[in-house]
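Here is what each chain is made of, one letter per residue.
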Amino acid sequence: MAKISVSRLAKMKQEHEKITCITAYDASFAAIFDQAGIQVLLVGDSLGMVLQGHDSTLPVTVEHIAYHTASVASTAEKSLIIADLPFMSYATPEQTYSNAAILMRAGANMVKLEGGNWVADSVKGLVERGIPVCGHLGLTPQSVNVFGGYKVQGRNDQQAEKLLDDALALQTAGVQLLILECVPVALAKRVTDALHIPVIGIGAGAETDGQILVMHDAFGISAGFCPKFSKNFLVETGDIRRAVELYKEQVENKIFPGAEHSFY
Ligand code: KIV
């Protein structure tokens, strides 16, 4: 099978086929996820928490993401690889272009950045320069200090309208995928219905076009806290490969996420 492309993901949305995504940071897990048919691997700045042991993603650098992207790219033959632009690596358009180029050269097929309207110019510039972009709205962990903690976003009408406006602005600027994190199910559905690009949820209910999980949460191995929106797929399977397959099956059949993993 050929490498998953952005047009394949767009077709999956049109055909109501669910997209399964997971974070990956090394060659061994990337190979397992790739062989299981996971469409998208995200080299997320969550690595600052799950690999490096920090209490936020803020200490992560472009060099860290590039290092792990190269590892993932060494074995992921079919899955599309997204690399995260970390905290303050896209504060200006010029900085965004040079950091995105580092990640693409390391093996990424797309870069991800957090934020709405304010990143639209950078998104447009990246796409014009040949770099596909994934947006990230809702609970954007790089802004944890502005939010005052890891909290569900878009709960009131004003926040919900702003999030929808940001999603439309990102789509107009050229993002080809959008991650929506920790928002109420009804808002996630509204955004998913309003956009023609695929919307991937995490803590956003089962109505989005696909799901993403941090791999350590999907295997119940995150140090300390496991978020409400996550599920340990190793419990029922006892085997990593089988756990990944079960995650994919449950996303495809809308069994995961259930109401117990969602916010209302
Ligand atoms: O960094 C990350 O792993 C992410 C996911 C939680 C979507 O952004």
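Small disclaimer: the values here were computed from a predicted structure and weren't measured. (Residues numbered from 1 in each chain as written. Predicted model: local features only at pLDDT ≥ 70, side-chain atom pairs only at ≥ 80, totals over all residues. Heavy atoms only, no water.)

Enquirer: What should I look at first to understand the site of the ligand in this one?
Expert: Around the ligand, the structure places Thr23, Leu42, Gly44, Asp45, Ser46, Asp84, Lys112, His136, Ile179, Glu181, Ile202 and Val214. Measuring from an oxygen atom of the ligand, one finds a side-chain N or O atom of Ser46 at 2.5 Å. A distance of 3.0 Å is found between an oxygen atom of the ligand and a side-chain nitrogen or oxygen belonging to Lys112. Look at the ligand: alone it shows 260 Å² of surface, and the protein chains cover 95% of it. Because more than half of its atoms lie within 2 Å of the grid, the ligand is assigned to the largest pocket. Taken together, the residues of the shell around the ligand break down into four nonpolar, four polar and four charged. (Near = heavy atom within 4 Å. Polar contact = N/O pair within 3.5 Å; in protein donor to acceptor, adjacent residues only side chain to side chain. Areas by Shrake-Rupley, 256 points an atom, 1.4 Å probe, with all protein chains shown as cover. 1 Å grid on protein atoms, 1.4 Å probe; cavity = no way out; pocket = protein on both sides within 12 Å on 5 of 7 lines; lining within 4 Å. Sits in = over half its atoms within 2 Å of the grid points. Nonpolar A, V, L, I, M, F, W, Y, C, P; charged D, E, K, R; others polar.)

Enquirer: What exactly am I supposed to notice about the layout of surface pockets here?
Expert: Where empty space is left can be seen by rolling a probe of water-molecule size over the atoms. Volume-wise, the largest pocket comes out at about 730 Å³. Lining the largest pocket are 34 residues; nearest its centre among them are Met49, Glu181, Val214, Asp217 and Pro227. For the lining of the largest pocket, the secondary-structure elements that each account for two or more residues are helix 3 (47-50), strand 4 (110-114), strand 6 (177-181) and strand 8 (210-213). For the lining of the largest pocket, the class distribution of residues is 18 nonpolar, eight polar and eight charged. Taken as a whole, the second largest pocket holds about 520 Å³ of empty space. Forming the boundary of the second largest pocket are 23 residues, of which Gly115, Trp118, Thr140, Ser143 and Phe147 lie nearest the centre. Those elements that provide at least two residues to the lining of the second largest pocket are strand 5 (133-138), helix 7 (144-147) and helix 8 (157-173). Sorting elements by how many residues they give to the lining of the second largest pocket places helix 8 first, with four residues. Class assignment for the residues of the lining of the second largest pocket results in nine nonpolar, eleven polar and three charged. (Points joined across faces, edges and corners; volume = space filled by probe spheres on them. Helix = DSSP H or I, 4+ residues; strand = E, 2+ residues; numbered from the N terminus.)

In short, geometric facts, not functional conclusions.
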